[in-house]
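# A structural walkthrough
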Amino acid sequence: SAMVAIVYLIRDRASDTGVIARVFPTRDLLDDVMYKSIALGFAFFTIATVLGAMWAAEAWGGYWSWDPKETWALIVWLNYAAWLHMRLTKGWRGKPLAWWAIIGLFVTTFAFLGVNMFLSGLHSYGEL
């Protein structure tokens, strides 16, 4: 979704008659692809989080321990839940959500890589 958002922003800055307008899809199509990719990813991430909690209950005796990795997984989930909420209930479209999707990539990257490198907890198996 972030890559589509970057293309959206490039397409948005270009005039409707230039080379970029002929090469890139329309803004409406890019916005729709961005929405669908976030919605699909959100559904799968929700399932993964629930299954992870079920596994944690079996392995460690509790569903949630507020470990940094778990907390950042919740932050990622809330970020995209808010993105979807703003699109579906408030009717947001276009540039604000494109920027939000790009920022969401950095939040997700930190949750999956940065937490392991910079924070310690149950999910830390090494450090830099």
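Everything quoted here is computed from the prediction, not taken from an experiment.

Right, let's talk about the layout of surface pockets for a bit. Unfilled space is identified by rolling a water-sized probe across the atoms. Its boundaries defined by the atoms lining it, the second largest pocket holds a volume of some 240 Å³. Forming the boundary of the second largest pocket are 14 residues, of which Ser1, Ile38, Gly41, Tyr80 and Thr108 lie nearest the centre. Looking at the lining of the second largest pocket, the elements with two or more residues in it are helix 1 (2-13), helix 3 (27-60), helix 4 (68-89) and helix 5 (95-118). Considering each element in turn, the lining of the second largest pocket owes the most residues, five residues, to helix 3. Looking at the lining of the second largest pocket residue by residue, the classes come out as 10 nonpolar, four polar and no charged.

What follows deals with the environment of Ala111. Examined against the element boundaries, Ala111 turns out to sit in helix 5. Overall, Ala111 belongs to the buried group, its relative accessible area being 3%. Spatially, the C-alpha atom of Ala111 lies 18 Å from that of Ala56, the residues being 55 residues apart in sequence. When sequence neighbours within four positions are dropped, the list of residues in contact with Ala111 reads Lys69, Trp72 and Val76.

What counts, and at which threshold
- Residues numbered from 1 in each chain as written.
- Predicted model: local features only at pLDDT ≥ 70, side-chain atom pairs only at ≥ 80, totals over all residues.
- Heavy atoms only, no water.
- 1 Å grid on protein atoms, 1.4 Å probe; cavity = no way out; pocket = protein on both sides within 12 Å on 5 of 7 lines; lining within 4 Å.
- Points joined across faces, edges and corners; volume = space filled by probe spheres on them.
- Helix = DSSP H or I, 4+ residues; strand = E, 2+ residues; numbered from the N terminus.
- Nonpolar A, V, L, I, M, F, W, Y, C, P; charged D, E, K, R; others polar.
- Buried < 20%, exposed > 50% of the residue type's maximum accessible area, 1.4 Å probe, protein only.
- Contact = heavy atoms within 4.5 Å.

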